[in-house]
Amino acid sequence: MSQIKPIQVRLAAMNFLEFGVWGAYLISLGNFLGSVGLATKIGLFYAIQGVVSLFMPAVVGIVADRWIQAQKMMSLCHLLAGLFMGAAGLYALSAEQIEFGPLFALYTLSVAFFMPTIGLGNSVAFNGLQRYGLDTITTFPPIRVFGTIGFICSMLFVNFTQFQTNAWQLITSAVLSFVLAVYALTLPACPVNKADNSGSLADSLGLSAFKLFKVKRLAIFFIFSMLLGVSLQITNSYGNIFITSFSELPEFADTWGARNANALISLSQISETLCILLIPFCLKRFGIKGVMLMSMFAWVLRFGLFGMGDTGSGLWMIVMSCIVYGIAFDFFNVSGGLYVDSQTSPALRSSAQGLFMIMTNGIGATVGTLAAQAIVNKLVFSRTAPEAMHAGWTSAWYIFAAYALVVAVLFLLIFKDSKTPAREEAGQ
């Protein structure tokens, strides 16, 4: 077993904080919004993450590629994200009546600066590992595990402090952002590639990453990444409030799961920590197509088991849904990031990661969350009787499962990989 180098520990700490920032509110925000009368707006709060991901990761990635070192850009983004998230939390805690407009505006500004940090974190990690002569395929997944551990720790902290139903979850996220803003400045410097005057306008703006669409298989990969991205935020948006709603039914009112939704859902992230470690083996054994297919069919099970489960005798189905989530999420997000990195040149690394974010957490997640909001509002929140609402939840989860199944079958039939890196085919 090779010796762990200090850079691996430092990058693990970065990932722990990065996803701790997100975990403080991502799963429990819907529960908080429901508790203050904004249940029908849940989808908008999650969709805005996708909207800002349409342009912010790419713009920030361009800046990091061309002018400001990625670790410094990451620090600045976390400072701003923390300020706006903290302001949102303070507003919600001090207002007698929480209005949608002010809370949504502050939250939007925060996530606009947070979302690019995911791609920047990948760039910082890949740069640091390569700088010390380490293989990213084998060394990055164990480092990324600590991101999931950070996410879990934040979730459990919010759950057992009962912050999952109030605005203190936003304050928690802000504090972690400030810590990471300082810590990011201590990480290894990332190179910048300033364009010279002879380059095209596209080159000077960092838009060369779009050349990758010239390669058919990579264009198909990005398109299916977008289609799979539709599923990414659905259970994050509605999983917590769905599980908590079982407390409204007499037969489930006293069950542990109905009272501790965040802790129950944390099993999903625990599953992630194990599944991330499988990625190097699965990528080498089955390739990107096999790994992506595993992710897609896991999403089918994720949604379908939610539809069949409850917090009583059917708790095992919700638990199983949480277990398969590790495959559903990580085999897509982490493997996709590694695949994109392997297909692009160092000069386009941050831009390419930003493009991947646009397709997945941008277009895909935006469309998916808004569609999910329309479905849930129609089938669930338009009803008042608890029994009728739960019948609506079941129908909604089955609709989401059917969509994921269609995407998986199409990907199986259409996508074909190649051993030649896309950067060579695109003439980078």
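Quantities reported herein were computed from a predicted structural model and do not represent experimental measurements.

(A) Main features of the packing of helix H5 (residues 70-94) against helix H8 (residues 168-183). Closest axis-to-axis distance for the H5/H8 pair is 8 Å, and the angle between their directions is 160°. Relative to H8, the element H5 is oriented roughly antiparallel. Along this stretch, H5 crosses H8, giving a crossing that reads as left-handed. Looking at side-chain class alone, the contact of H5 with H8 contains 15 nonpolar, seven polar and no charged residues.

(B) Focus on the layout of surface pockets. Roughly 240 Å³ of internal volume is contained in the second largest pocket. Contributing elements (two or more residues each) for the lining of the second largest pocket: helix H13 (261-308) and helix H14 (315-343). Top contributing element to the lining of the second largest pocket by residue count: H14, with five residues. Residue composition of the lining of the second largest pocket, by class: five nonpolar, four polar and two charged.

(C) View of unusual backbone geometry. Unusually for a residue other than glycine, Gln162 sits at a positive phi of about 65°. In this fold, Gln162 is placed in the loop between helix H7 (136-160) and H8.

(D) Focus on H14. Helix length check: H14, at 29 residues, gives a terminal C-alpha distance of 42 Å against a target of 42 Å (1.5 Å per residue), a fit within 8%. Most of H14 is tucked away, with 22 of its 29 residues classed as buried.

The rules we used
Residues numbered from 1 in each chain as written. Predicted model: local features only at pLDDT ≥ 70, side-chain atom pairs only at ≥ 80, totals over all residues. Heavy atoms only, no water. Axes fitted to C-alpha atoms, helices over the stretch in contact; angles between N-to-C directions. Helix = DSSP H or I, 4+ residues; strand = E, 2+ residues; numbered from the N terminus. Parallel < 35°, antiparallel > 145°, perpendicular 65-115°, else oblique. Left-handed = near helix turned anticlockwise from the far one by under 90°. Nonpolar A, V, L, I, M, F, W, Y, C, P; charged D, E, K, R; others polar. 1 Å grid on protein atoms, 1.4 Å probe; cavity = no way out; pocket = protein on both sides within 12 Å on 5 of 7 lines; lining within 4 Å. Points joined across faces, edges and corners; volume = space filled by probe spheres on them. Expected span 1.5 Å × (residues − 1). Buried < 20%, exposed > 50% of the residue type's maximum accessible area, 1.4 Å probe, protein only.

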